[in-house]
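What follows is each chain in one-letter form.
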Amino acid sequence: MQNSVSIYLEFEQKMKLMVFASLAVIVLGQHLNTHELQQLVDAGFVSLDVNPKDNLLEYDELVTLFNQKDVDGDGLLSMTEFQAHVGADFLFAEPLFNNYDVNKDQKLSVQEFVDNAYHAMNTNGDTQVTRHEFDHYYTQLLHHLNQHHG
Ligand SMILES: [Ca+2]
Ligand SMILES: [Ca+2]
Ligand SMILES: [Ca+2]
């Protein structure tokens, strides 16, 4: 009797571990759908279009924002400063940071964070990034990161 109880308990333990392990795989392997990505892109635009809030991203607006986020004033955004900007629970904080960090020094310069992205988004070369240009650029970028994430 003792034996069969302990065998059963052992079996139950193993089952729990297996269930836990497969849940972990599902969570890690989960990719966001298009709608969820679109919500992230929307939130991103709202967080950047602040001064003036005119549904356009101006170059100077992004530089001002960069300087505000650069809390220790060293002219660079560290991962900590970047995470404070995007939110600690933002799924793509690390891959997005690495995407911006061209020279891989674990810091983002104005060139890396503002200029590169601005020129990539601003397809018609004027001084404003429209909502459409932003959406197009970030939807593609997040799709790419989403597929290579987890
Ligand atoms: Ca604006
Ligand atoms: Ca800094
Ligand atoms: Ca860098």
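Residues numbered from 1 in each chain as written. Chains lettered and ligands numbered in written order. Predicted model: local features only at pLDDT ≥ 70, side-chain atom pairs only at ≥ 80, totals over all residues.

A. Spotlight on the overall build of the protein. The helix and strand inventory of the protein stands at seven helices and four strands. When the helices and strands of the protein are listed from N to C terminus, the series reads α-α-β-α-β-α-α-β-α-β-α. Taking all 150 residues of the protein together, 11% fall into the buried category. In the protein, of all internal contacts separated by at least 6 residues, the share reaching a separation of at least 24 is 58%. (Helix = DSSP H or I, 4+ residues; strand = E, 2+ residues; numbered from the N terminus. Buried ≥ 20, exposed ≤ 12 C-beta atoms within 10 Å, placed from the backbone. Contact = placed C-beta atoms within 7 Å.)

B. Here's a closer look at the UniProt feature "domain: EF-hand" (unreviewed entry) in the protein. Per the UniProt annotation, the sites labelled "domain: EF-hand" (unreviewed entry) are residues 57-92. A distance of 21 Å separates the end C-alpha atoms of residues 57-92, which is 53% helix and 11% strand. (UniProt positions renumbered as here; feature names shortened; annotations may be inferred.)

C. Structural context of the environment of aspartate 126. If you trace the backbone, aspartate 126 turns up in the loop between helix H6 (110-121) and strand E4 (128-130). Taking the number of C-beta atoms within 10 Å as the measure of exposure, aspartate 126 has 9 and is therefore exposed. Separated by 68 residues in sequence, aspartate 126 and glutamate 58 place their C-alpha atoms 9.9 Å apart.

D. Structural context of helix H7 (residues 131-147). Taking 1.5 Å per residue, 17 residues should reach 24 Å; H7 reaches 24 Å between its end C-alpha atoms and fits that length. Within the span of H7, buried status applies to Phe134, Tyr138 and Leu142. End-on, the buried residues of H7 take up no more than an arc of 40°, which puts them together on one face. Looking at H7, the residues exposed on the side facing more than 90 degrees away from the buried face are His132, His144 and Gln147. Among the structural elements, helix H2 (34-48), strand E1 (56-58), H6 and E4 are those in contact with the buried residues of H7. (Expected span 1.5 Å × (residues − 1). Arc of directions from axis to C-beta.)

E. Region of the structure containing the environment of valine 50. Mapped onto the elements of the fold, valine 50 is located in the loop between H2 and E1. Note on valine 50: 13 C-beta atoms within 10 Å, which makes it partly exposed. Spatially, the C-alpha atoms of valine 50 and leucine 62 are 9.2 Å apart, while their sequence positions differ by twelve residues.

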